Amino acid sequence: MTVLVIDVGSTNAKAGIVRDGTVVAEAHSAVETMSNVAGIDGAVEQDADQWWSAVSSAITSLPSADRAMVDVVAATGQMQDLLCIGADGAPVRPVILYSDTRAAAEAEQLTVELNGWEQAVGRPPDATSVAAKWRWLQQHEPDTVNATDAVIFGGGAEVVRRLTGAALCEHTTASTTGLYAAEQRTWWRPAIDHERLPASQLVDGAPQPIRANVAAELGVPARATVVLAPGDAVATTLGIVGTAPDRPYAYLGTSGWVAASTTVMPEGGAFGLPGLSPDHWVAAAPMIAAGAVVDWAREVLLGGIDHDELEQLAGGVCAAESGVLALPHLDGQRLPAADSTARAALVGMSRSTSRAVIAAAVLEGVAHALRQLTALVAPEGDELVVCGGGSRSNAWCQSIADVTGSTVTRADDEHAALLGAAVAAGAAVRPPTVSGSFAPDPFRHATHQSIAPTFDRLGPALQPITSALQSVRR
């Protein structure tokens, strides 16, 4: 079987050919993100037409001989977006992304109005929920709501709509929207009906026919079928650790998460994402900003240095030993406690604090956030697999090992989501190879253990201050 796989991410749209269990060809095209749009704090958007342009560019960059052999097209991508489609099939406005936190007040309104909302959807809804974003549109852009004929909740679903004409949603992405009753594996009608929201049709990996004209444009056979694979968190899980239960991994991209497959719906703090079947779940604990924090620090705090210089600065330093901590919540926090007003902070700096300490503190701050999330997903684990662009940093991997006390194993596969989408399409894939293993330094781990309670208290202690500051800014 030859599978054309597509992943619409935060910074790139990727396309690859999976054959004999591996990605034999890959191409990508950049996607632009717009932040604080129109001066709205927390507003994060992308252009759905640019999504499709990037996807088309990536696909047509693949060898034509490989495209001509495609049996199945499988699409995955970012989840929890809100894309409004008009009756003519065109986007009504830019996509409101998963990381958008503008709708904090609207989330509070819905919490009051929708009795049993948290219990029904299995998690405390917040400003990132699609329901809150839709309410924001109702209050601020009523013409957009009136012009909307269908909604799309993720990058993979929009690719499938362009390929097939069908507005669909798979269960993984649905479970992130605040509109889905996970135990019943269906939309929670009180929220849908209350908001008059035109929810997409839920599907379970059923193949769809491709439109002949689109197939011709992309150079794939008209006989190929299209599968909407699970959203990127589950697709990446399938590509990195498969369905083996309770083996955690951390994804370090622009955003990030810690996740592990399990056979039952998770309870407690982690989010439960429906997987390939009713007895496959993924326990996931997301963070809104991971690599985005590091990039921001490189550009703003450290004078525009590149990744290599950051590596050199942070590699030989332990910021915790200097009494410096960094909170990484640039755009709010989802777990361990949802707080859309949470913001980043550097604490403990003195006149002697060096650029190297600042660089190390940022990496360690994300590592401490990952420590908190790992405790929600797989508290008994002593190994943590890492993947994503951030995992290429040896200094960051070592910081994660030192902070968590776990052996960190780097999965040498940047195509995890592509492989996971291929799994959802019925292909067998090979497990990723390992390119490095990082054991915790016992002295630094002891330092981080002693400072961990302080880190855990720091966010809640600053919450009244950051909330007040956000109120003033608004």
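Now for a look at the structure at hand. (Residues numbered from 1 in each chain as written. Predicted model: local features only at pLDDT ≥ 70, side-chain atom pairs only at ≥ 80, totals over all residues. Heavy atoms only, no water.)

**Here's the deal with the overall build of the protein**
Here is the rule: Numbering of helices and strands starts at the N terminus; helices are DSSP runs of H or I of at least 4 residues and strands are runs of E of at least 2. We call a residue buried when its accessible area falls under 20% of the maximum for its residue type, exposed when it is over 50%, and partly exposed in between, using a 1.4 Å probe and counting protein chains only. We call two residues in contact whenever any of their non-hydrogen atoms come within 4.5 Å of each other. Asp and Glu count as negative and Lys and Arg as positive, but His and the ends of the chain are not part of the count. Where a charge sits is defined by one atom per residue type, namely NZ (Lys), CZ (Arg), CG (Asp) or CD (Glu).
When you go through the protein residue by residue, the secondary structure sums to 17 helices and 24 strands. The principal-axis extents of the C-alpha atoms in the protein amount to approximately 65 × 50 × 40 Å. Counting every position in the protein, which comprises 474 residues, the buried fraction comes to 58%. In the protein, of all internal contacts separated by at least 6 residues, the share reaching a separation of at least 24 is 70%. Each charge class in the protein was averaged separately, 29 positive and 51 negative side chains, and the resulting centres sit 2 Å apart.

**Looking at the sheet that holds strand S2 (residues 12-19)**
Backbone-to-backbone hydrogen bonds join strands into a sheet, with any given pair of strands oriented parallel or antiparallel. Quick reminder of the rule: We call two strands paired when DSSP finds no fewer than two bridges between them.
Strand order in the open sheet made by the six strands is S3-S2-S1-S6-S15-S14, with mixed pairing throughout. Because the sheet does not close on itself, it has two edges, and the strands there are strand S3 (22-30) and strand S14 (208-209). As defined by bridge partners, strand S1 (residues 3-8) adjoins S2 across six bridges and the pair is classed as antiparallel. Note that in S2 the partner of Leu4 across the bridge is Ile17.

**Looking at the packing of aromatic side chains**
Quick reminder of the rule: Working definition: rings of Phe, Tyr and Trp (its six-membered ring) pair if their centres are within 6.5 Å, and the pair is stacked with planes under 30 degrees apart, edge-to-face with planes over 60 apart, and tilted otherwise.
All chains considered together, the criterion is met by three aromatic pairs. Pairing Phe153 with Trp187 gives two aromatic rings, centres 5.7 Å apart and planes at 75°, and the pair type is edge-to-face. Of this pair, Phe153 sits in strand S9 (residues 150-154) while Trp187 is found in strand S12 (residues 186-187), placing the two residues 34 residues apart along the sequence. Summarising the aromatic geometry, the rings of Tyr251 and Trp257 are spaced 4.5 Å apart at their centres and angled 20° between planes, so their arrangement reads as stacked. Taking the relative accessible area as the measure of exposure, Tyr251 reaches 24% and is therefore partly exposed. Note on Trp257: relative accessible area 8%, which makes it buried. Through a chain of ring-to-ring contacts, the aromatic side chains of Phe153, Tyr180 and Trp187 assemble into a single cluster.

**A closer look at helix H7 (residues 155-164)**
For H7, the buried fraction is high: ten of the ten residues fall into the buried class. Here H7 has its buried residues at Gly155, Gly156, Ala157, Glu158, Val159, Val160, Arg161, Arg162, Leu163 and Thr164. Just beyond H7, the residue with positive phi is Gly165, at close to 90°.

**Brief notes about the pairing of S3**
The side chains of a regular strand alternate between both faces of the sheet. Direction of pairing for S2 relative to S3: antiparallel, over a ladder of eight bridges. Counterpart to Lys14 in the pairing with S3 is His28. Where S2 folds back onto S3 in an antiparallel hairpin, the turn is made up of two residues, including Asp20, whose phi is positive at roughly 55°.

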